[in-house]
Amino acid sequence: MEENGKLKKNRNLEKNRTPEEMRKEKEKGKMGATEADGTNEEEKFQRHQFIRRLIIVTKLHKKIIEREVNQTGVYRSQHQILMYVADHPNVSQKDIALLHHASPATIAVSLKKLEKGGYLVRRMAEDDNRVNQILLTEKGRTTVEKSKQMFRQIEAQALEGISDEEMQQVEAVLRHLFENYVKILPDTEKEEMNW
């Protein structure tokens, strides 16, 4: 009789709870169960949230950078070319294509637009007429310098309140993630990945 009384009491409690409360209780019970790999549902959820948050931060960073880069008058992919040419004067069109994992024709279109905009010039290499060397103009150098200042400012704002110790901890976690992701790749793609 006492058992029936407990059952009746539990049913009455369930009737008084909202569906949301019942769902949370049910999830709580699942969260405690340990899986074969040694993680329970709570740990799996936290790990998923961690990766999700990394992706969100990466997207936010990209959004802010794109917004600022667009104010320079060039698109992001063109901007990347300008930054690379600034660090590698006389680079060839072919080298830029390899770096950006793009076809030489695609890079040629971007270079043509940048050249038309007055950001760079292309000239034939003295030792090989088939090779175009790329150089920044004064306008291109000014754009790159403004961009570097902008990037430093964004980095300073993003890292505000984060200690060197915290950055080192995050660096260690990111390196570990990188190494784990590289293990997933086929061997042919692994050499393209650099930390």
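Residues numbered from 1 in each chain as written. Predicted model: local features only at pLDDT ≥ 70, side-chain atom pairs only at ≥ 80, totals over all residues. Heavy atoms only, no water.

Things to note about the packing of aromatic side chains
Counted by the stated rule, this structure contains zero aromatic pairs. Taking the ring centre of Tyr119 as reference, the NZ or CZ of Lys139 above it sits at 4.6 Å. (Phe/Tyr/Trp six-rings, centres within 6.5 Å; stacked < 30°, edge-to-face > 60°. Lys NZ or Arg CZ within 6 Å of the ring centre and 35° of its normal.)

Examining the nonpolar core
Leu82 and Ile96 are the most contacted members of the largest nonpolar core, which totals 22 residues. Within the residue set of this core, elements represented by two or more residues are α3 (41-70), α4 (76-87), α5 (93-99), α6 (104-116), β3 (128-136) and α7 (138-158). The residues contacting Ile96, other than those within four sequence positions of it, are Ile81, Tyr84, Val85, Val91, Ile107, Leu111 and Ile134. (Core = buried A, V, L, I, M, F, W, Y, C linked by side-chain atoms within 4.5 Å. Buried < 20%, exposed > 50% of the residue type's maximum accessible area, 1.4 Å probe, protein only. Helix = DSSP H or I, 4+ residues; strand = E, 2+ residues; numbered from the N terminus. Contact = heavy atoms within 4.5 Å.)

A few points about a nonpolar patch on the surface
Taken together, the side chains of Leu159, Ile162 and Met167 present a nonpolar region at the surface, about 220 Å² in accessible area. Relative to the elements of secondary structure, Ile162 occurs in the loop between α7 and α8 (164-184). (Patch = residues over 30% accessible without salt bridge, like charges linked within 9 Å, V, L, I, M, F, W, Y side chains within 5 Å. Areas by Shrake-Rupley, 256 points an atom, 1.4 Å probe, with all protein chains shown as cover. Salt bridge = Lys/Arg side-chain N within 4 Å of Asp/Glu carboxyl O.)

Some thoughts on the packing of α3 against α8
Closest axis-to-axis distance for the α3/α8 pair is 14 Å, and the angle between their directions is 100 degrees. On the basis of their axis angle, the class for α3 and α8 is roughly perpendicular. Together, Phe50, Ile51 and Leu54 of α3 and Val173, Leu174, Leu177 and Tyr181 of α8 make up the contact between the two elements. For the contact of α3 with α8, the class distribution of residues is seven nonpolar, no polar and no charged. (Axes fitted to C-alpha atoms, helices over the stretch in contact; angles between N-to-C directions. Parallel < 35°, antiparallel > 145°, perpendicular 65-115°, else oblique. Nonpolar A, V, L, I, M, F, W, Y, C, P; charged D, E, K, R; others polar.)

Some thoughts on the packing of α4 against α7
Taken N-terminus to C-terminus, the directions of α4 and α7 make an angle of 105 degrees; their axes are 10 Å apart at the nearest point. One element, α4, and the other, α7, form an angle in the roughly perpendicular class. Taking contact as the criterion, the partners of His79, Leu82, Met83, Ala86 and Asp87 in α4 are, on α7, Thr143, Val144, Ser147, Lys148 and Phe151. Class assignment of the residues belonging to the contact of α4 with α7 gives a composition of five nonpolar, three polar and two charged.

Considering unusual backbone geometry
Of note in the backbone geometry, Asn90 takes a positive phi value of approximately 65 degrees without being a glycine. Following the sequence through the fold, Asn90 ends up in the loop between α4 and β1 (91-92). Taking relative accessible area as the criterion, Asn90 reaches 33% and is therefore assigned partly exposed. Positive phi, normally seen in glycine, also occurs at His101, with a value near 50 degrees. Counting through the fold element by element, His101 comes out in the loop between α5 and α6.

Overview of α3
Over its 30 residues, α3 runs 43 Å from end to end, which matches the ideal 44 Å to within 8%, given 1.5 Å per residue. Every buried residue of α3 is accounted for by Gln49, Ile65, Glu68 and Val69. As for α3, its buried residues are in contact with α4 and α7. Two to three positions downstream of the cap, the backbone nitrogen of Glu42 sits 3.0 Å from a side-chain oxygen, assigning the N-cap of α3 to Asn40. (Expected span 1.5 Å × (residues − 1). Polar contact = N/O pair within 3.5 Å; in protein donor to acceptor, adjacent residues only side chain to side chain.)

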